[in-house]
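A look at the structure
One-letter residues, chain by chain:
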Amino acid sequence: MKKISLYCSLILIFAVCVSLNADAQSFVPSEQQIQQFKNLPLQEQQRLSKQMGFDISLLNDQNSNQNRSNNTEQEVDFITRKLNNEEIADSLSKQSIVEEDAAKLKPFGYDIFQNREEAVRSIANMPVPSNYIVGPGDSVKLQIFGKETGEFNLEVSGEGNINLPDLGPLEVSGISFQELKQLVKEKYEQQKIGVSAFVSMGQIRTIQIFLVGEVLKPGPLIVGGLSTITTALINSGGVNEIGSLRNIQLKRGGQTVATFDLYDLIVRGNTRNDARLEQGDVIFVPTAQNIVSIDGEVRRPAIYELTVEETVTDLVALAGGILPSGDAESLQLVRNIPGSGLTIFSVDTLSPLANEKSLISGDFLRVPSANLEFQNAILVNGAINVPSLVADNNISLADIITKQTLYSNTDLNYGLIVRKQRFANKTTVIQFKPAEILSGAHNILLTAYDEVIIFSRVAEDVVSGVESQIVEASLDTSQDEMQNEEEDFLQEFEKNRFTTNAFTKEPTTDFSRKALLAPLISRLKSEASEKHPVQLIEVNGQVNYPGIYPIAVQDNLQSVLNAAGGLTESAHLEAAEITSLTVENGKSNIIHRQINLISQMLMPYHQQVKLVSKDILSVSRIPQWFENNSVELKGEVVFPGTYQIASGETLSSVIARAGGLTDDATANAAVFSREELKQKERENIDKALDDLRQQLANNNLSSGQFSRTIDYDNATKVLDDLAEVEPLGRFVIDLPAIVSGNIAEDFTLKDGDVLLVPNITPAISIIGEVFVATTFRFDKKLSVNDYIELAGGVRDFGDASKLYIVKANGSVKIPDRDFWFAGTSEQLLQPGDTIVVPRNVTNYDNITLWQGITQIIYQSAVALAAVGSL
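Predicted, not measured: the structure shown is a model, and the values here were computed from it. (Residues numbered from 1 in each chain as written. Predicted model: local features only at pLDDT ≥ 70, side-chain atom pairs only at ≥ 80, totals over all residues. Heavy atoms only, no water.)

Comments concerning the packing of aromatic side chains
Evaluation of the coordinates by the stated rule reveals eight aromatic pairs. On the basis of an interplanar angle of 80 degrees and a centroid distance of 5.0 Å, the ring pair of Phe 672 and Phe 747 is categorised as edge-to-face. In this pair, Phe 672 sits in strand S29 (residues 671–673) while Phe 747 sits in the loop between helix H21 (735–739) and strand S31 (754–757), placing the two residues 75 residues apart along the sequence. By the burial criterion, Phe 672 is buried, and Phe 747 matches it. With 5.2 Å between their ring centres and 65 degrees between their planes, Phe 731 and Phe 747 make a pair best called edge-to-face. (Phe/Tyr/Trp six-rings, centres within 6.5 Å; stacked < 30°, edge-to-face > 60°. Helix = DSSP H or I, 4+ residues; strand = E, 2+ residues; numbered from the N terminus. Buried < 20%, exposed > 50% of the residue type's maximum accessible area, 1.4 Å probe, protein only.)

As structure tokens, then:
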């Protein structure tokens, strides 16, 4: 009867609601109506909804929306922390005995509190632990099925109850989630026949806890009901710079219920002691008591917090272990012992005692680098295709030097074994011929720390930088005078020779002898002393690779020549000299010995002359050895062109070889130029310009009332323009006399000489301070003054009293004034001559300066005019 009454009530309620709504689909029942409707069996729900004409899915959608709203997690507190590792390290380093080094390390463990964009929350739909304690603010989801079906979202009230459909209130606060499920299940099985219940957790409540001690933000904190110690620390910004990461205490009801070590989570991923929080819990972070530092060859050098029972082994494990490059047997522990002061201990982590070596606050542990030199390696360098390091497995040169490993450009007459045992003071150099190793005629057993150097026979023998300083320095330079750069070079080379750095060394197949020998030469210089002279000699002259070379065991003249690449084609085989330095009665003496190379090389090796420390072997050149010297003939010669000349050959000889002069040649106007004269002229012009610039700078300030001062800018521009003038290098000769056989006028030619024999146009040139500098047809009836008048006369700045004539052959003639107005050109001028009217500089203060300038100007102008008119 009760159920029938409920049905009638529901039908009446829904009928009224439907009648009040024109559109049945817009009907949305209240939550109470929905709960009453859903308490009906499913068949009755479907029948009633069909009878009333509304869509039952509206109720499901409404219920779904309600559930989604209820499942929204409540906001929790969150503090964003901008972590500054440097500041934390600086604070923690003050607790280290080696504060400066510790401040450079990173504090370990604080990165977990680094900048986060949002709080750490419970993952949606995560399973709720069975031991979760239900309380006010939680909600549970109830599903019933069987004779009756339905889904319900039940909230735990402030009194700790949930309202079970048809069964009424049930007190659940303080019981576990597992107990809640069992209790509801039993309730329905006992009171609702044919109905089963299933309970799941809905929304989790938030709780308030407290953080005290050495935390970033002490005080209350709202967290989710499933939060743990880690969740609370991360959401609150974490531990401050002096707080402990390893002794975090959870207090409940005044008692410590859990102690959490954050290192367990960070290092080992262990959350066993990361206890779940409850309402009113207190997280207490004490001050860190045992701060130590570890640096050097470990995977994670940092500042760590240790517990009182942890040892050196534990600290090394926290740091990720020792790197392969670290020395595990020689750790350095620095400690300040009260009453004793600063003390250093050596710790061997391979020893069981390391597990007993406890650490105290302030300790600094350094893991040094191990000695990474190979103990059984042989170094191979130069023009050979093998690894730079090979193992000493009882191998010999024949195992390394083969037809497959040598390059085609390898020097088969010169190779070196540089032998120096690990703790030896002196280096032994053994010279060999790769050709003899290939043929099997000779072989040498190699040992650890040997270096084999194979040379190229075609390499460009050049170096730069510090290597150039080493191989090009004088042999009398002692090791005391080695430059800092050379010392650094040798130290770096020696440090890396037998290490893994040799694997990355650049290939040296194209290196010069000097580049390959520079480290060895530097080492031999460093080993020299008053009892052990430097084991170096020098070879220069007609050899392929002049330079400094090490003295090898059983050295002789032939081996020295092989080291220098052999003799050149121009070497004089009967003339060589050995210069030796000897010391007698405390004074050094230089001794020169002449030797015959042919005779020496015909002797057996052991009878040949031997070179000793600082000897210099000079191989002479064959006198008058063929050189490609040439001269050039231009202009009016029968066969102009370039001619090779022999030593001592004269100009007349070459002209005769060229067929002599043509009929159109003007021999007296020939221009002969020489390279060395060009260089000399260039030097003279440059010196004159430098003197003039200095005079201009010193004297330009002086001025007179009736004189003109020199404009500094214009004068400087003139001097700059003159610096660009290309000297001609003209050598005045009397070609007609030379051609006619006058031996006194003939001379020997040099490489690069040029003879230009012109066909002179019958003309006279006039340059300088005239109105129109030009060239006129030669007229023997005209005088010098006539030509000046034809050029417009002398300008105001011209000085007719210093007029001179440059003859066609380059000589200069200063005419007598009587010839200017009387006399004819036939007496003074000839075709090809140039009249020069210089500037009058007497109206300037700096007369010497302008005289110098005008001299250079007119010399250059005359030279160019002479060549240009030919």
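Here's the deal with the sheet that holds strand S35 (residues 812–813)
Within a sheet, each strand pairs with its neighbour through backbone hydrogen bonds, oriented either parallel or antiparallel. The mixed open sheet is built from five strands, whose spatial order is S33-S32-S36-S34-S35. Every interior strand has two partners, whereas the edge strands, strand S33 (774–777) and S35, have only one. Where strand S34 (residues 804–806) and strand S36 (residues 834–837) come together, three bridges link them in antiparallel fashion. The residue bridging Tyr 804 from the neighbouring strand is Val 836, located in S36. (Pairing = 2+ DSSP bridges.)

Examining a nonpolar patch on the surface
On the surface, a nonpolar cluster with roughly 280 Å² of combined accessible area is contributed by Leu 573, Ile 598 and Leu 602. Residue placement: Leu 602 occurs in helix H17 (residues 597–602). Of the residues examined, Leu 602 reaches a relative accessible area of 71% and is grouped as exposed. (Patch = residues over 30% accessible without salt bridge, like charges linked within 9 Å, V, L, I, M, F, W, Y side chains within 5 Å. Areas by Shrake-Rupley, 256 points an atom, 1.4 Å probe, with all protein chains shown as cover. Salt bridge = Lys/Arg side-chain N within 4 Å of Asp/Glu carboxyl O.)

Brief notes about helix H15 (residues 513–527)
With 15 residues, H15 should reach 21 Å at 1.5 Å per residue; the first-to-last C-alpha distance of 21 Å fits that figure. At Pro 519, H15 shows its maximal kink, close to 35 degrees. Burial within H15 is extensive, with 14 of its 15 residues counted as buried. (Expected span 1.5 Å × (residues − 1). Bend = angle between axes of the 7 residues up to and from the residue.)

Quick look at unusual backbone geometry
Peptide bonds are, in most cases, trans, and in most cases residues other than glycine have a negative phi. Non-glycine residue Tyr 449 carries a positive phi angle of around 75 degrees. You can see Tyr 449 is positioned in the loop between helix H12 (434–439) and strand S21 (450–456). Residue classification places Tyr 449 among the buried residues on the basis of a relative accessible area of 8%. Non-glycine residue Gln 554 carries a positive phi angle of around 55 degrees.

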